[in-house]
Amino acid sequence: MLQLSFVNFKPNSYILVENTPATDRFFIIQSGKVRSYNEVPIPGIPAEILGPGDFIGVISCFSGHSQTKTMITMTPVVAIMVTKAQFPELIVNNTPVALKIVKSFARDMRKVNDQLAKLTLFKASIDSPEAIYMIADYFHREGFTDIAAYGFYQYMKHCPTGINAIPARTALEALRKRSRAVYLEPSADTVRTYPINTMIFSECQTGSDMFIIQEGTVRISKVIDGSEITLAILKKGDMFGEMALLENKPRSACAIAHSDCRLMVINHANFNQMVTTQPQMISKLTTTFAERLWSVYRQLANTLLTEPREKLIDMIALHVEKAKNVTRGEAYNTGLSVIDVMKMCAIPSEKQNQAYQELQRDQTIKIVNNKIIVPDARQLIAQAGFYRKQSTKHGS
């Protein structure tokens, strides 16, 4: 039988402190108010006042990474403490609470992704089906025929009389003959195969399918004002597309086959069935969201760095930290190219050559067959941490 503990906190008590190690527990506020904030303010991510029903420490608990925020009580607070080991039983006994955590993660993910794009590219994304045309046009100009064909098709489907209908139709007709774009229309297939550099879905496109990667890699990105920022490169076992399924809103980013991939498809019907019959699905979703949110918060901190080389080193360190099976002090192949990392940091084209040369000279990484190798994970993580600390001093 599930037995949860109640914890009392006095006013002005620190419940969690940013950047401290992860714990195996989180809290659900029963009464009182808690202030949640970043020690070094991130533009667009304001401090929040949490109250009854809100969660504390879930991201760190389930990601296994350091705390993303500082939490301090404003009033006397009573909270329910839940350990990670108790979570599967909580899902079975109180599925709505577990789903509330997942849905709050989805809401936060959409918010921080938008802010990351805004801070990195200095421009907000456009939440309109017309944006599908701009995305397709960007990939068309970059020479990605299959991605562009998919985008133009979806634009014509969503905006048949839109302001860009004529150029979209013209481009689509020219691309059709040589395009390998797949799944232009919804399919009942529970397993889909996508060739490299084909689009799985476009930002601002409607759709509610969620995907689990069985083989290959998938790039999650946003296109704003003619530039692309890579939010994540997902691997076997990772989930994506769940935000549209949980929130019933248009897609918040593009999903592109970064290599040939095979995906399992989960729709509303089988998701609801899996929630009630397979509680491990909620547990997996919670962990996936926690890891992704932690990663995006680290990427937000990366935007505060001003030197391209430091941004690149910090982004590489982030991916080393995400790989939990890496022993600090050992070598690690990130599987990322320099271009991958530059897209994640949105390094301007005019600075890329110099940044590449500086990165080649950096002793904490090696570039072998166009892939980034980290000779000593501990050294790289320490160096990146030093850069972030220096940036906070300069910004204070």
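Quick look at the structure, then. All values derive from a computational prediction rather than experimental measurement.

**Regarding the overall build of the protein**
- Assigned secondary structure in the protein consists of 13 helices and 19 strands.
- For a compact globule of 396 residues, the expected C-alpha radius of gyration is about 21 Å, and the protein comes in at 22 Å, within 12% of that figure.
- Overall size of the protein, expressed as C-alpha extent along the three principal axes, is 65 × 55 × 35 Å.
- Here the protein holds 396 residues, and the buried ones make up 52% of them.
- Considering only contacts within the protein whose residues lie at least 6 apart along the sequence, 75% involve residues at least 24 apart.

**Topic: the packing of helix H8 (residues 268-277) against helix H9 (residues 279-302)**
- In the contact formed by H8 and H9, the axes pass within 5 Å of each other and the chain directions differ by 105°. By the criterion of interaxial angle, the relationship of H8 to H9 is roughly perpendicular. Each of Phe 271, Met 274, Val 275 and Thr 277 in H8 lies in contact with H9, whose residues at this interface are Pro 279, Met 281, Ile 282 and Leu 285.
- Classifying every residue of the contact of H8 with H9 by side-chain character gives 7 nonpolar, 1 polar and no charged.

**Topic: the nonpolar core**
- Formed by 117 residues in total, the largest nonpolar core has its most connected members in Phe 26, Phe 240 and Phe 271.
- Contact partners of Phe 240, with chain neighbours within four places excluded, come to Ile 200, Phe 201, Met 210, Phe 211, Ile 213, Val 218, Ile 220, Leu 234, Ala 255, Leu 263 and Arg 292.
- Within the second largest apolar cluster, 12 residues are counted, among which are Phe 27, Val 34, Ile 56 and Val 77.

**Some words on the pattern of salt bridges**
- Tallied over the full model, the rule gives 16 salt bridges.
- The partner of Arg 180 in a salt bridge is Asp 146, with the nearest N and O atoms 3.1 Å apart. Note that Arg 180 is positioned in the loop between helix H6 (165-176) and strand E9 (191-194) and Asp 146 in helix H5 (residues 145-158), a separation of 34 residues in sequence.
- By relative accessible area, Arg 180 is classed as partly exposed at 42%.
- Among the salt bridges present, the one from Asp 314 reaches Arg 388, with a minimum N-O distance of 2.6 Å. Placement of the pair is Asp 314 in helix H10 (residues 308-322) and Arg 388 in helix H13 (residues 377-395), with a sequence separation of 74 residues.
- Under the relative-accessibility criterion, Arg 388 is labelled partly exposed at 22%.
- A single network of salt bridges, built from pairs that share partners, joins Arg 298, Asp 314, Glu 321 and Arg 388.

**A word on H5**
- Here H5 contains 14 residues, and its C-alpha end-to-end distance of 20 Å stays within 8% of the 20 Å for a straight helix at 1.5 Å per residue.
- Most of H5 sits inside the fold, with 12 of its 14 residues counted as buried.
- Turning to H5, its buried residues are Thr 145, Asp 146, Ile 147, Ala 148, Ala 149, Tyr 150, Gly 151, Phe 152, Tyr 153, Gln 154, Tyr 155 and Met 156.
- Looking at the buried side of H5, the elements it contacts are helix H4 (130-141), H6, strand E10 (199-201) and strand E15 (254-257).

**Some words on the environment of Leu 293**
- With respect to the element layout, Leu 293 can be found in helix H9.
- Note on Leu 293: relative accessible area 0%, which makes it buried.
- Once residues lying within four places of it in the same chain are set aside, the contact partners of Leu 293 are Ile 59, Phe 105, Asp 108, Met 109 and Val 112.

**Some details on the packing of aromatic side chains**
- Taken as a whole, this structure holds 14 aromatic pairs when the rule is applied.
- Measuring from centroid to centroid gives 5.8 Å for Phe 26 and Phe 62, while their planes differ by 45°, and the two rings are tilted. A residue pair is termed long-range when its members are at least 10 positions apart, and Phe 26 in strand E3 (residues 25-31) and Phe 62 in helix H1 (residues 58-63) qualify at 36 residues.
- Under the relative-accessibility criterion, Phe 26 is labelled buried at 0%.
- Between Phe 105 and Phe 289 the ring centres are 6.2 Å apart and the planes differ by 70°, which places this aromatic pair in the edge-to-face class. Here Phe 105 is found in helix H3 (residues 95-121), whereas its partner Phe 289 is found in helix H9, with 184 residues between them in sequence.
- With relative accessibility at 0%, the residue Phe 289 sits in the buried group.
- Joined through ring pairs, the aromatic side chains of Phe 26, Phe 62 and Phe 87 make up one cluster.
- In this structure, Arg 192 is placed above the aromatic ring of Tyr 183, and the distance from its NZ or CZ to the ring centre is 4.9 Å.

**Observations concerning the state of the cysteines**
- Counted according to the given criterion, the structure contains 0 disulfides.
- Take Cys 159: it sits in no disulfide, and the sulfur closest to it among the cysteines is that of Cys 204, at 9.6 Å.
- Owing to a relative accessible area of 10%, Cys 159 belongs among the buried residues under this scheme.
- Cys 254 takes part in no disulfide bond, and the closest cysteine sulfur, belonging to Cys 204, lies 8.2 Å away.

**Some details on the pairing of strand E12 (residues 218-224)**
- Taken across its 7 residues, E12 has 7 buried, putting it largely inside the fold.
- Every second residue of E12 is oriented toward a common face, with Val 218, Ile 220, Lys 222 and Ile 224 on one face and Arg 219, Ser 221 and Val 223 on the other, all of them buried.
- Pairing geometry for E12 and strand E13 (residues 227-234), over 7 bridges, is antiparallel. Paired with Arg 219 across the strands is Ile 233, a residue of E13.
- Following E12, the chain reverses through 2 residues before pairing antiparallel with E13; Asp 225 in that reversal takes a positive phi of roughly 50°.
- In this structure, E12 lies alongside E15, joined through 4 bridges in antiparallel fashion. Bridge assignment links Val 218 to a residue of E15, and that residue is Ala 257.

Definitions and cut-offs
- Sequence order sets the numbering: in each chain, residues are counted from 1 along the sequence as written.
- Given that the model is predicted, a residue must reach a pLDDT of at least 70 before its local features are reported, and side-chain atom pairs must reach 80 or more before they are shown or counted; all residues, however, enter totals for whole chains, interfaces and linings.
- To obtain the side-chain values, all non-hydrogen atoms of the structure were included, while hydrogens and water were left out.
- For helices the rule is a DSSP run of H or I covering at least 4 residues; for strands it is a run of E covering at least 2, with both sets numbered from the N terminus onward.
- Computation of the radius of gyration draws on C-alpha atoms, with the globule rule given as 2.2 Å multiplied by the number of residues to the power 0.38.
- Using a 1.4 Å probe on the protein chains alone, a residue whose accessible area is under 20% of its type maximum counts as buried, one over 50% counts as exposed, and one in between counts as partly exposed.
- In what follows, a contact means two residues having at least one pair of non-hydrogen atoms within 4.5 Å.
- To get an axis, a line is fitted to the C-alpha atoms, and for a helix only the part in contact is used. The angle between two axes follows their N-to-C directions and goes from 0 to 180 degrees.
- Oblique is the label for any angle not covered by the other classes, which are roughly parallel (under 35 degrees), roughly antiparallel (over 145) and roughly perpendicular (65 to 115).
- Any residue that is not Ala, Val, Leu, Ile, Met, Phe, Trp, Tyr, Cys, Pro, Asp, Glu, Lys or Arg is counted as polar, Gly included; the first ten are nonpolar and the last four charged.
- We call a set of buried residues a nonpolar core when its members are Ala, Val, Leu, Ile, Met, Phe, Trp, Tyr or Cys and they connect through side-chain atoms within 4.5 Å of each other.
- By definition, a salt bridge exists where a carboxyl oxygen of Asp or Glu is found within 4 Å of a side-chain nitrogen of Lys or Arg.
- Multiplying one less than the number of residues by 1.5 Å gives the expected span of a helix.
- Only centres within 6.5 Å qualify two rings of Phe, Tyr or Trp (six-membered ring in Trp) as a pair; their planes then separate them into stacked at under 30 degrees, edge-to-face at over 60, and tilted for everything else.
- For a Lys NZ or an Arg CZ to count as sitting over a ring, it must be within 6 Å of the ring centre and within 35 degrees of the ring normal.
- Cysteine sulfur atoms are paired as a disulfide whenever they fall within 2.5 Å.
- Paired strands, as defined in this entry, are two strands with at least two bridges between them according to DSSP.

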